[in-house]
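Now for the letters of each chain:
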Amino acid sequence: MPRSEDEVGQKIDRCFADSLLKVTGGVAIGIVASVAFFKSRSWPIWFGSGVGLGTGWSNCRHDFASPYVLHGKKVPAGQDTQGKPAFNIIQQQEK
């Protein structure tokens, strides 16, 4: 079982790498748009980096808000009292 501080460290590393990738992609797209369409103005570069930073921030917030994701298999287990299908989740073993 991994320690909680290790999980937080992995999430921070993943957030940093994801945000850096998105900001870099936004800047690259901004540079191309600036040169190709906007007569070398700088606002597409800033806009692209802002969009990249915003999406990275949003992904990090989502990653830290989800406490623990169970990986498993959804198996039908019959019907509940209202006649709706019921399911059990069987947890997969980590390797």
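Residues numbered from 1 in each chain as written. Predicted model: local features only at pLDDT ≥ 70, side-chain atom pairs only at ≥ 80, totals over all residues. Heavy atoms only, no water.

Student: Help me out: how do you make sense of the packing of helix α1 (residues 4–37) against helix α2 (residues 43–65) in this one?
Tutor: Packed helix pairs are specified by the crossing angle of their axes together with the interaxial distance, meaning the distance between the axes. Where α1 contacts α2, the axes come no closer than 7 Å and their chain directions differ by 160°. Relative to α2, α1 is oriented roughly antiparallel. Where α1 crosses over α2, the two elements pack in a sense that is right-handed. Counted by class, the contact of α1 with α2 contains 13 nonpolar, 10 polar and 5 charged residues. (Axes fitted to C-alpha atoms, helices over the stretch in contact; angles between N-to-C directions. Helix = DSSP H or I, 4+ residues; strand = E, 2+ residues; numbered from the N terminus. Parallel < 35°, antiparallel > 145°, perpendicular 65-115°, else oblique. Left-handed = near helix turned anticlockwise from the far one by under 90°. Nonpolar A, V, L, I, M, F, W, Y, C, P; charged D, E, K, R; others polar.)

Student: Honestly, the packing of aromatic side chains in this entry has me stumped. Any pointers?
Tutor: Any pair of aromatic rings gets described here by the distance separating the centres and the angle formed by the planes. Under the definition given, this model contains 1 aromatic pair. Considering the side-chain rings of phenylalanine 38 and tryptophan 43, the 4.7 Å spacing of their centres and the 55° angle between planes classify their relative orientation as tilted. (Phe/Tyr/Trp six-rings, centres within 6.5 Å; stacked < 30°, edge-to-face > 60°.)

Student: What am I meant to see in the side chain of serine 19 here?
Tutor: Following the sequence through the fold, serine 19 ends up in helix α1. With residues near it in sequence (within four places) discarded, serine 19 still touches Gly56, Trp57 and Cys60. (Contact = heavy atoms within 4.5 Å.)

Student: It is not clear to me how the pattern of salt bridges should be interpreted in this structure. Could you clarify?
Tutor: Charged atoms that come close allow side chains of opposite charge to pair. Applying the stated criterion across every chain, the model contains 2 salt bridges. For aspartate 18, the salt bridge identified is with lysine 22, shortest N-O distance 3.3 Å. On the criterion of helical spacing, the pair formed by aspartate 18 and lysine 22 is a turn pair, its members being 4 residues apart in helix α1. Residue lysine 22 is classed as partly exposed on the basis of its relative accessible area of 28%. (Salt bridge = Lys/Arg side-chain N within 4 Å of Asp/Glu carboxyl O. Buried < 20%, exposed > 50% of the residue type's maximum accessible area, 1.4 Å probe, protein only.)

Student: Even after reading the chapter, I still don't get the UniProt feature "transmembrane region" (unreviewed entry) in the protein, so can you show me in this structure?
Tutor: Per the UniProt record, "transmembrane region" (unreviewed entry) is found at residues 20–38. With 95% helix and 0% strand, residues 20–38 has its two end C-alpha atoms placed 25 Å apart. (UniProt positions renumbered as here; feature names shortened; annotations may be inferred.)

Student: What am I meant to see in a nonpolar patch on the surface here?
Tutor: A grouping of Phe37, Phe38, Trp43, Phe47 and Val51 is seen on the molecular surface, where their side chains present a nonpolar patch of about 570 Å² in accessible area. It is α2 that provides the largest number of residues to the nonpolar patch, a total of 3 residues. Summarising the element assignment, phenylalanine 37 is placed in helix α1. Taking relative accessible area as the criterion, phenylalanine 37 reaches 65% and is therefore assigned exposed. (Patch = residues over 30% accessible without salt bridge, like charges linked within 9 Å, V, L, I, M, F, W, Y side chains within 5 Å. Areas by Shrake-Rupley, 256 points an atom, 1.4 Å probe, with all protein chains shown as cover.)

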